[in-house]
Amino acid sequence: MLTDWTALSEDLQLTLSRAALQRAAETIAGQAEILAGEMECGGLADRGGPEALRLLAAVVRVTGQDTMPAAGHA
């Protein structure tokens, strides 16, 4: 098992970093949608939150896609 990040090639570091960021973005978006659903079902007080959370989920998903160019170097 490889345990040293610097032993990986730059291309592999970049690929792994992108995958981790995409997974994190999907996790955040999914949690926002779950929270919005809880507000709609009455589990939490709704003060306009569900639509704001769905907007957050959409923004996170759009900006987390591979269509955005990578900035800098790994």
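These figures come from a predicted structure and were not determined experimentally.

Draft legend 1. A look at the overall build of the protein chain. The number of helices and strands found in the protein chain is two helices and zero strands. Taking all 74 residues of the protein chain together, 18% fall into the buried category. Put simply, of all contacts in the protein chain between residues at least 6 apart along the chain, 48% involve residues at least 24 apart.

Draft legend 2. Summary view of the packing of helix H1 (residues 10-40) against helix H2 (residues 49-63). Across the interface, H1 lies against H2 with an axial gap of 8 Å and an inter-helix angle of 165°. Of the possible angle classes, the one that applies to H1 and H2 is roughly antiparallel. The chirality of how H1 crosses H2 is left-handed. Taking contact as the criterion, the partners of Ala 25, Glu 26, Ile 28, Ala 29, Gly 30, Ala 32, Glu 33, Leu 35, Ala 36, Gly 37, Met 39 and Glu 40 in H1 are, on H2, Gly 49, Pro 50, Leu 53, Arg 54, Leu 56, Ala 57, Val 60 and Arg 61. Here the contact of H1 with H2 is built from residues that sort into twelve nonpolar, three polar and five charged.

Draft legend 3. H2, seen in detail. End to end, H2 covers 21 Å across 15 residues, agreeing with the expected 21 Å (1.5 Å per residue, within 8%). Restricting attention to buried positions, one finds in H2 the residues Gly 49, Pro 50, Leu 53, Ala 57 and Val 60. The buried residues of H2 occupy one face: seen down the axis, they fall within an arc of 95°. For H2, the exposed residues lying more than 90 degrees away from the buried face are Glu 51, Leu 55 and Val 62. Contacts made by the buried residues of H2 are with H1.

Draft legend 4. Up close: the pattern of salt bridges. Evaluation of the coordinates by the stated rule reveals three salt bridges. Among the salt bridges present, the one from Glu 33 reaches Arg 61, with a minimum N-O distance of 2.8 Å. Of this pair, Glu 33 sits in helix H1 while Arg 61 sits in helix H2, and the two are 28 residues apart along the sequence. With a closest N to O distance of 3.0 Å, Arg 54 and Glu 40 form a salt bridge. Linking Arg 54 in helix H2 with Glu 40 in helix H1, this pair joins segments that are 14 residues apart in sequence. Where salt bridges share partners, they join Glu 26, Glu 33 and Arg 61 into one cluster.

Conventions and cut-offs
Residues numbered from 1 in each chain as written. Predicted model: local features only at pLDDT ≥ 70, side-chain atom pairs only at ≥ 80, totals over all residues. Heavy atoms only, no water. Helix = DSSP H or I, 4+ residues; strand = E, 2+ residues; numbered from the N terminus. Buried < 20%, exposed > 50% of the residue type's maximum accessible area, 1.4 Å probe, protein only. Contact = heavy atoms within 4.5 Å. Axes fitted to C-alpha atoms, helices over the stretch in contact; angles between N-to-C directions. Parallel < 35°, antiparallel > 145°, perpendicular 65-115°, else oblique. Left-handed = near helix turned anticlockwise from the far one by under 90°. Nonpolar A, V, L, I, M, F, W, Y, C, P; charged D, E, K, R; others polar. Expected span 1.5 Å × (residues − 1). Arc of directions from axis to C-beta. Salt bridge = Lys/Arg side-chain N within 4 Å of Asp/Glu carboxyl O.

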